[in-house]
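Residue-level structure breakdown
This is what each chain is made of:
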Amino acid sequence: RPYMAPEIFKKDVSTKSDIYAVGVMIYQLLTNRYPYDVEKYANEELINLKPWMEKLKPPSHYNKNVFRDLDEIVLKCLEFDSSKRYNDAGELLEEVEKVIDNYKSSQIIPRPNPEEYWDDNLEYVVNDSILKAFELAKCENKLSYAIEILEREVLRD
């Protein structure tokens, strides 16, 4: 039931109903929750489309690392009005690939705040900071954070 598009409850099924289900899966992957909690509704409420009367929050509401472009794709997949969804999986894939290409070419990567790795309350942070920098340096796309931590430590001394 959580993957069923609203029109299915009115016995109107199409490829756009599948697009809705894919949108639910992407939403789940990004937020660890269903877009609509249909399990709390009785069958009659589902037939009357009650869950979809609530305004859907974009994935970025629950996961700050989700880009606006990805929010837009997911929300389009989950449109209540099936005519506003992608026509088929090929069209959806094309949009996803555009977003991936745009972010690759601009090298925009969601970055965690370096402050998360820094604790000014510690009396002696050199060893902890250096260990954290080494941990980050081993992770893909985290070298710049490692450098920031090491620069702070050097400047602090």
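Here, every reference points to the structure presented above.
Report on the accompanying structure. Each chain carries its own residue numbering, running from 1 in the written order of its sequence. Only residues with pLDDT of at least 70 are given local features in this predicted model, and only at 80 or more are side-chain atom pairs given and counted; all residues enter the totals for whole chains, interfaces and linings. Note that the side-chain values use all heavy atoms of the structure and ignore hydrogens as well as water.

Section: the packing of helix 1 (residues 15-31) against helix 4 (residues 68-77)
Here, axes are lines fitted to C-alpha atoms. For helices the fit covers the stretch in contact, and angles between N-to-C directions go from 0 to 180 degrees. Only DSSP runs of H or I covering at least 4 residues are called helices, and only runs of E covering at least 2 are called strands; the numbering of each starts at the N terminus. Packing of helix 1 against helix 4 leaves a shortest axis separation of 7 Å and a crossing angle of 140 degrees. Taken together, the axes of helix 1 and helix 4 are oblique relative to one another. Crossing geometry of helix 1 relative to helix 4 is assigned as left-handed. The residues of helix 4 that touch helix 1, namely those facing Ile19, Tyr20, Gly23, Ile26, Tyr27 and Leu30, are Leu70, Val74 and Cys77. Note on residue categories: nonpolar means Ala, Val, Leu, Ile, Met, Phe, Trp, Tyr, Cys or Pro, charged means Asp, Glu, Lys or Arg, and polar means any other residue, Gly included. The residue inventory of the contact of helix 1 with helix 4, partitioned by class, reads 8 nonpolar, 1 polar and no charged. Should an angle fall under 35 degrees it is taken as roughly parallel, and over 145 as roughly antiparallel, whereas 65 to 115 is taken as roughly perpendicular and any remaining angle as oblique. Should the near helix be turned anticlockwise from the far one by less than a right angle, the crossing is left-handed, and should it be turned clockwise, the crossing is right-handed. Two residues form a contact once any of their heavy atoms are found within 4.5 Å.

Let's talk about helix 4
Listed in full, the buried residues belonging to helix 4 are Asp71, Ile73, Val74 and Cys77. Projected down its long axis, helix 4 shows its buried positions confined to an angular sector of 165 degrees, all on one face. When accessible area is computed with a 1.4 Å probe and restricted to protein chains, residues below 20% of their type maximum are described as buried, those above 50% as exposed, and intermediate ones as partly exposed. To obtain the arc, one takes the directions from the helix axis to the C-beta atoms.

With respect to the side chain of Thr31
By the secondary structure assignment, Thr31 is in helix 1. The class of Thr31 is buried, set by a relative accessible area of 10%. Two N or O atoms count as a polar contact when they lie within 3.5 Å, although within protein this holds only if one can serve as hydrogen donor and the other as acceptor, and sequence-adjacent residues are included solely when both atoms are side-chain atoms. A polar contact is formed between the side chain of Thr31 and the backbone oxygen of Arg33, at a distance of 3.2 Å. In this view, Thr31 contacts Pro59 and Tyr62; residues no more than four positions away in its chain are not counted.

Topic: the pattern of salt bridges
Any two side chains of opposite charge can pair, given that their charged atoms come close. We define a salt bridge as a side-chain nitrogen of Lys or Arg found within 4 Å of a carboxyl oxygen belonging to Asp or Glu. Summed over all chains, the structure comprises 2 salt bridges. For Arg85, the salt bridge identified is with Glu7, shortest N-O distance 2.7 Å. Taken as a pair, Arg85 in the loop between helix 4 and helix 5 (89-106) and Glu7 in the segment before helix 1 lie far apart in primary sequence, 78 residues in all. When its relative accessible area of 10% is taken as the criterion, Glu7 is described as buried. Glu95 is the partner of Lys98 in a salt bridge, and the nearest nitrogen-oxygen pair spans 3.2 Å. Here Lys98 pairs with Glu95, and both are found in helix 5, just 3 residues apart, close to one helical turn. Note on Lys98: relative accessible area 43%, which makes it partly exposed. Note on Glu95: relative accessible area 27%, which makes it partly exposed.

Details of helix 1
Every α-helix carries 3.6 residues per turn, so stepping three or four residues along brings you back to the same face. End to end, helix 1 covers 24 Å across 17 residues, agreeing with the expected 24 Å (1.5 Å per residue, within 8%). All of the buried residues along helix 1 are Lys16, Ser17, Ile19, Tyr20, Ala21, Gly23, Val24, Tyr27, Leu30 and Thr31. Residue Ser14 occupies the N-cap position of helix 1, its side-chain oxygen lying 3.1 Å from the main-chain nitrogen of Lys16. Just beyond helix 1, the residue with positive phi is Asn32, at close to 65 degrees. Helix span, expected: 1.5 Å multiplied by one less than the number of residues in the helix.

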